[in-house]
Amino acid sequence: MAKLSTDELLEAFKELTLIELSEFVKKFEETFEVTAAAPVAAAAVAGPAAAAEEVEEKDSFDVILESAGEKKIQVIKEVRALTSLGLGEAKAVVDGAPKAVLEGANKETAEKAKAQLEEAGATVTLK
């Protein structure tokens with residue numbers, strides 16, 4: 001059997017499913033009487049800290065229509081353009097303000113939607 005290089009081994013591991021890789025690690029640990037737990041624990045310690053940093057930068061926004069203002073028809077048109085709602089549904093959103101127009105939108109989409117609605121005359125907040 002030819003000896004595989006580190007790169008060849010890594011390529012072989014990339015082909016495995018997570019279950020196959022998990023089984024390999026167990027057999028490796030048994031065969032060589034070692035454990036792979038220490039590196040995993042170090043990654044677990046770094047994981048929550050990294051996750052906490054990510055939470056600070058909000059990446060999901062709700063676009064809330066506070067009021068339609070003077071140009072209700074324009075606002076209804078914008079609500080329809082931003083969503084897949086029909087005319088009656090969009091009118092119900094506008095009439096029911098304050099109401100969410102978009103939920104869980106990314107920052108760029110939420111800011112763009114807010115700008116479009118405000119340009120049509122609506123009062124909008126992002127949450």
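Residues numbered from 1 in each chain as written. Predicted model: local features only at pLDDT ≥ 70, side-chain atom pairs only at ≥ 80, totals over all residues. Heavy atoms only, no water.

## Describing the packing of aromatic side chains
Stated precisely, the cut-off is as follows: Side-chain rings of Phe, Tyr and Trp (the six-membered ring for Trp) are treated as a pair once their centres are within 6.5 Å; stacked means planes under 30 degrees apart, edge-to-face means over 60, and tilted covers the remaining angles. What counts as a helix is a DSSP run of H or I of at least four residues, what counts as a strand is a run of E of at least two, and both are numbered from the N terminus. Partly exposed describes any residue whose relative accessible area lies between the buried limit of under 20% and the exposed limit of over 50%, with all areas from a 1.4 Å probe on protein chains only and scaled to the type maximum.
Taken as a whole, this structure holds one aromatic pair when the rule is applied. Where Phe 24 meets Phe 28, the ring centres are 5.9 Å apart and the plane angle is 40°; that geometry is what we call tilted. A residue pair is termed a helical-turn pair when its members lie 3 or 4 positions apart in one helix, as Phe 24 and Phe 28 do in helix H2 (residues 18-32) at four residues. Phe 28 sits in the partly exposed class, given a relative accessible area of 38%.

## Notes on the confidence of the model for the protein chain
It should be kept in mind that the predicted coordinates are not to be read in detail where pLDDT is low. This is how the line gets drawn: The score called pLDDT rates the predictor's confidence residue by residue, from a low of 0 to a high of 100. We call two residues contacting when some pair of their heavy atoms lies within 4.5 Å.
Confidence in the prediction of the protein chain, expressed as mean pLDDT, is 78, and 81% of residues score 70 or more. Within the model, pLDDT remains below 50 along residues 38-55, and this stretch shows zero contacts once partners closer than five positions in the same chain are excluded.

## Details of the sheet that holds strand S1 (residues 61-67)
As a reminder, the rule being used: Pairing between strands is defined by DSSP: at least two bridges between the two strands are required. Orientation is described by axes fitted as lines to C-alpha atoms, over the contacting stretch for helices, and by angles from 0 to 180 degrees between their N-to-C directions.
Spatially, S2-S1-S3 is the arrangement adopted by the three strands of the open sheet, whose pairing is antiparallel. Edge positions in the open sheet fall to strand S2 (99-105) and strand S3 (123-126), since each of these has one partner strand only. Within the sheet, the average angular offset between the axes of one strand and its neighbour, ignoring direction, is 20°. Two elements, S1 and S3, share four bridges in a ladder whose sense is antiparallel. Looking at the pairing, Ser 67 lines up with Thr 123 of S3. Set on the sheet, helix H5 (residues 87-95) makes contact with S1 and S2; between it and S2 the angle comes to about 105°.

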